[in-house]
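These are the residues of each chain, in order.
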Amino acid sequence: MLEVIILAAGHGSRMQSSTAKVLHLLAGQPLVSHVLGTAREVGARRIHMVVGHDADAVQAVVSAPDVECHLQQQQLGTGHAVQQAIHNCDSESTVLVLFGDVPLIHRDSLDEVIRAASSGMAMLSSYVPDPTGYGRVLRDAEGAFQGVVEEQDATADQRRLSEINTGVLAAPAAAFCQYLERLTNDNAQGEYYLPEVLKLAREDGATVTVVQSDRALDCLGVNTPQQLEQLERLHQGALADQLMSQGVLIADRSRVDIRGALHCGRDVCIDVNTVFEGTVTLAGGVSIGANCIISNSNIGEGAQVHPFTHIEGAEIKAGASIGPYARIRPGTVIDEVAKVGNFVEIKNTHLGRAAKASHLAYLGDADVGSKSNVGAGTITCNYDGANKYRTVLGESVFVGSNSTLVAPVTIDAGGFVAAGSTITDNVAPDQLAVARGRQRNVDGWRRPKKPEETD
Ligand code: UD1
Ligand code: MG
């Protein structure tokens, strides 16, 4: 049986933040959640989370039936952290240790380490262009593994080594326990270092296998805001690459952010400075203009989203056109070939097929029939300060500019609202509703004058 221990108790002092390090976001998800997802992918039967710093907040994020949290009261090092959980593992299990601050560890690398652990202890190393801050892997003249030395304990020569400890380690539980008990904190940081167990095992003549990873993102840990930013950009670049290899046209890989799952059909174009959050589906032929943010929404075949548009929790059907500068809020359905223009906010509303709201409007809690036209400056008054009410427009309704529709109110099919009306009563099919002060033109009217002015 495979059990995974994830270390997530550290303070993360180098982040200089009051948020626990493992809760900082990468691609919109806490670092530790990425690791948790990977632990499940490799088939962990039980997951042990070592929490300490900001334990309640971390626990709230990772809480699940397959996760057990263990409190590390004082953060005395990675070896000490594993000691808090190991006794809860079955002695027959293989135990895999993952670090909550190494978020993009790949399942294939872990599979190799788990396989290697069937004959003893196994760790994952990697070569990185800048090994600063990592533990370096020490080897003898023949290349045999000697141990791991931490940056603070390393000599100048050792610091030049570029093979680093990724932190991933796997071992049979019983052997692991035995070496953990023998750890000391006799080092530069006065901490119980986890990689020391490998050295103890080697000194005992036990097999220690070092699996080398050649996946660029596998091993990158997050200790500082700079490392978080670098990892985010590398990860986003990889996600953009994946989409481009499926044919998606992305204007600039460094100016698109995918914070969740983005599914694209054929011939999708994505312009610069676009952010996708949660689960977003762009059907074939969709184009997303520059500076758009789209969250948890489906955009139908051939729909066009013009620049500076924000769409959240909405369903945009085929051929619709949205924006520029539109805000589409949760619960909205924009039907086929409908049009939403600039400075229009729509919430919890169904805009029917080929209906239009081309400029400067607020539609909240409304049903707009197909082919209806909502003029500039139209506002649904959906809220009386306590309750919300619906506005219903039938098919082919015309609402003149600057009208106020006081809900609950219904304008039946073919109804026509004169510009500047405040509609409080229902309008029957094909009626014209005029609800505004009548214009008077006053002859011989004299303008007011300032006191010093004379005729
Ligand atoms: C550690 C490794 C280093 C490796 C690097 C890879 C040790 C001693 N060093 O260094 O060899 O190259 O990771 O990224 O293992 N944690 C606890 N309790 C503690 C201390 C840490 O849970 O008492 C957790 C942290 O929350 C973090 C992880 O363990 O998720 C690693 O700790 P961190 O302080 O970041 O170690 P590094 O200095 O990165
Ligand atoms: Mg670290």
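Residues numbered from 1 in each chain as written. Chains lettered and ligands numbered in written order. Predicted model: local features only at pLDDT ≥ 70, side-chain atom pairs only at ≥ 80, totals over all residues. Heavy atoms only, no water.

A.B. asks: Mind laying out the coordination of the magnesium ion (ligand 2), listing which residues take part and the relevant values?
C.D. replies: Taken together, the protein ligands of the magnesium ion (ligand 2) are D101 (OD) and N223 (OD1), with distances of 2.1 to 2.3 Å. Placement of the pair is D101 in the loop between β6 (94-99) and α4 (107-116) and N223 in the loop between β11 (208-213) and α8 (225-245), with a sequence separation of 122 residues. A single burial state applies to D101 and to N223, both of which are buried. (Donors = N, O, S within 2.8 Å, 3.2 Å for Na, K, Ca; no water. Helix = DSSP H or I, 4+ residues; strand = E, 2+ residues; numbered from the N terminus. Buried < 20%, exposed > 50% of the residue type's maximum accessible area, 1.4 Å probe, protein only.)

A.B. asks: Provide a residue-level description of the packing of aromatic side chains, including the pertinent values.
C.D. replies: Applying the stated criterion across every chain yields a total of 3 aromatic pairs. Seen in terms of ring centroids, F308 and Y325 are 4.8 Å apart; in terms of plane orientation they differ by 0 degrees. Their pairing is stacked. Placement of the pair is F308 in the loop between β19 (304-305) and β20 (310-312) and Y325 in the loop between β22 (321-322) and β23 (326-328), with a sequence separation of 17 residues. Each ring, one from F398 and one from F416, has its centre 4.7 Å from the other, and the planes form 15 degrees; the classification is stacked. You can see F398 sitting in strand β32 (residues 398-399) and its partner F416 sitting in strand β35 (residues 416-417), a full 18 residues away along the chain. The partly exposed category is assigned to F398, whose relative accessible area is 33%. Pairwise contacts between aromatic rings join F308, Y325 and F343 into one cluster. A cation over an aromatic ring shows up here: K388 above the ring of Y383, its NZ or CZ 5.2 Å from the ring centre. (Phe/Tyr/Trp six-rings, centres within 6.5 Å; stacked < 30°, edge-to-face > 60°. Lys NZ or Arg CZ within 6 Å of the ring centre and 35° of its normal.)

A.B. asks: Give a description of the side chain of T391 that names residues and reports values.
C.D. replies: Mapped onto the elements of the fold, T391 is located in strand β31 (residues 391-393). Take T391: its relative accessible area is 1%, and that puts it in the buried class. Every residue in contact with T391, bar those within four places of it in the chain, is listed here: D365, A366, D367, T380, L405, A407 and V409. (Contact = heavy atoms within 4.5 Å.)

A.B. asks: Explain the domain arrangement of the protein residue by residue, including any values.
C.D. replies: In terms of domain boundaries, the protein breaks down into domain 1 (2-218) and domain 2 (225-433). Distance between the C-alpha centres of domain 1 and domain 2: 46 Å. Contact with domain 1, which involves 11 residues of that partner, is made by 11 residues of domain 2. Across the interface of domain 1 and domain 2, roughly 900 Å² is buried in total on both sides, 75% from carbon and sulfur atoms. It is L26, A27 and L217 in domain 1 that bury the most area against domain 2; as a group they hold 50% of the surface buried on that side. (Domains from an automatic or database assignment. Buried area = accessible area lost by both parts, 1.4 Å probe.)

A.B. asks: Please give an account of α8 that cites residues and values.
C.D. replies: For α8, spanning 21 residues, the distance from its first C-alpha to its last is 30 Å, which sits close to the expected 30 Å at 1.5 Å a residue. Residues of α8 that are buried include every one of Q227, L228, L231, E232, H235, Q236, G237, L239, A240 and L243, and no others. The elements touched by buried residues of α8 are β2 (25-26), α1 (31-41), β12 (249-250) and β13 (256-264). (Expected span 1.5 Å × (residues − 1).)

A.B. asks: Could you give an account of the pattern of salt bridges, with specific residues and numbers?
C.D. replies: Inspection of every chain in the model, using the stated rule, returns 21 salt bridges. Between K371 and E395 there is a salt bridge, with the nearest N and O atoms lying 3.8 Å from each other. A residue pair is termed long-range when its members are at least 10 positions apart, and K371 in the loop between β28 (366-368) and β29 (373-374) and E395 in the loop between β31 and β32 qualify at 24 residues. In the salt-bridge network here, residues are joined through shared partners; they are E3, R46 and E68. (Salt bridge = Lys/Arg side-chain N within 4 Å of Asp/Glu carboxyl O.)

A.B. asks: An account of the site of ligand 1 is needed here, citing residue identities and associated values.
C.D. replies: Taken together, 24 residues form the shell around ligand 1, and within it Q72, T78, D101, E150 and N165 come nearest. One of the backbone N or O atoms of G10 is found 2.8 Å from an oxygen atom in ligand 1. Note that a nitrogen atom of ligand 1 is positioned 2.7 Å from one of the side-chain N or O atoms of Q72. Protein burial of ligand 1: of its 760 Å² of free accessible surface, 91% is covered by the chains. Counting residues per element, the ones that place at least two in the shell around ligand 1 are β1 (2-8), α3 (78-86) and β10 (163-172). Counted by class, the shell around ligand 1 contains 10 nonpolar, 10 polar and 4 charged residues. (Near = heavy atom within 4 Å. Polar contact = N/O pair within 3.5 Å; in protein donor to acceptor, adjacent residues only side chain to side chain. Areas by Shrake-Rupley, 256 points an atom, 1.4 Å probe, with all protein chains shown as cover. Nonpolar A, V, L, I, M, F, W, Y, C, P; charged D, E, K, R; others polar.)

A.B. asks: Report on the state of the cysteines, specifying residues and quantitative values.
C.D. replies: Within this structure, the stated rule accounts for 0 disulfides. Residue C292 stays outside any disulfide, its sulfur separated by 13 Å from that of C269, the closest cysteine. (Disulfide = S-S within 2.5 Å.)

A.B. asks: Report on the pairing of strand β5 (residues 67-71), specifying residues and quantitative values.
C.D. replies: Relative to β5, strand β4 (residues 46-51) runs parallel, the two being bridged by 5 bridges. Across the sheet, V50 pairs through a bridge with H70, a residue of β5. After leaving β4, the chain enters helix α2 (residues 55-62) and then returns to the sheet as β5, a path that is right-handed. (Pairing = 2+ DSSP bridges. Right-handed = clockwise from strand over helix to strand, strands pointing away.)

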